[in-house]
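For reference, the chains in residue letters:
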Amino acid sequence: MSEKRDDQTMRFVAGCNMPGYLPDSEPCVFDTSDEAIAYVRDLMRDAADDYDRWSDEDIAAIDTIAADPHGEFGVTIYGWHYFVAIA
């Protein structure tokens, strides 16, 4: 079920969390899935900088992620789930 704003446009939430734990921060809301995916890419790059276990292939793959045709995305990497969902 999607929530629509007054002007009837969809919004997207994006963020990351460790499955089974409360999120460290609230997901962010975006007007487009492209903005939400860009935010998730930034989160993934930050995680790659913070943890040595990210391989060069993992880091290179960040730029290739894309939302599905509905604008949603989800992947779990090294115990963290990164997502974009319709709000």
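Higher on the page you've got the structure.
Residues numbered from 1 in each chain as written. Predicted model: local features only at pLDDT ≥ 70, side-chain atom pairs only at ≥ 80, totals over all residues. Heavy atoms only, no water.

Remarks on the environment of Thr9
- Looking at where Thr9 falls in the secondary structure, it is placed in the segment before β1 (12-17).
- Relative accessible area serves as the criterion here: at 33%, Thr9 is assigned to the partly exposed category.
- In this structure, the C-alpha to C-alpha distance between Thr9 and Ala85, residues 76 residues apart in sequence, is 14 Å. (Helix = DSSP H or I, 4+ residues; strand = E, 2+ residues; numbered from the N terminus. Buried < 20%, exposed > 50% of the residue type's maximum accessible area, 1.4 Å probe, protein only.)

Section: the sheet that holds β1
- Read across the sheet, four strands follow the order β2-β1-β4-β3 without closing on themselves; strand pairing throughout is antiparallel. The strands lining the two open edges of the sheet, one partner per strand, are β2 (28-30) and β3 (73-77). Recorded for the sheet is a direction-independent mean angle of 15 degrees between the axes of neighbouring strands.
- Taken together, the three bridges between β1 and β2 define a ladder with antiparallel strand orientation. In the strand pairing of β2, Val13 is matched with Val29. (Pairing = 2+ DSSP bridges. Axes fitted to C-alpha atoms, helices over the stretch in contact; angles between N-to-C directions.)

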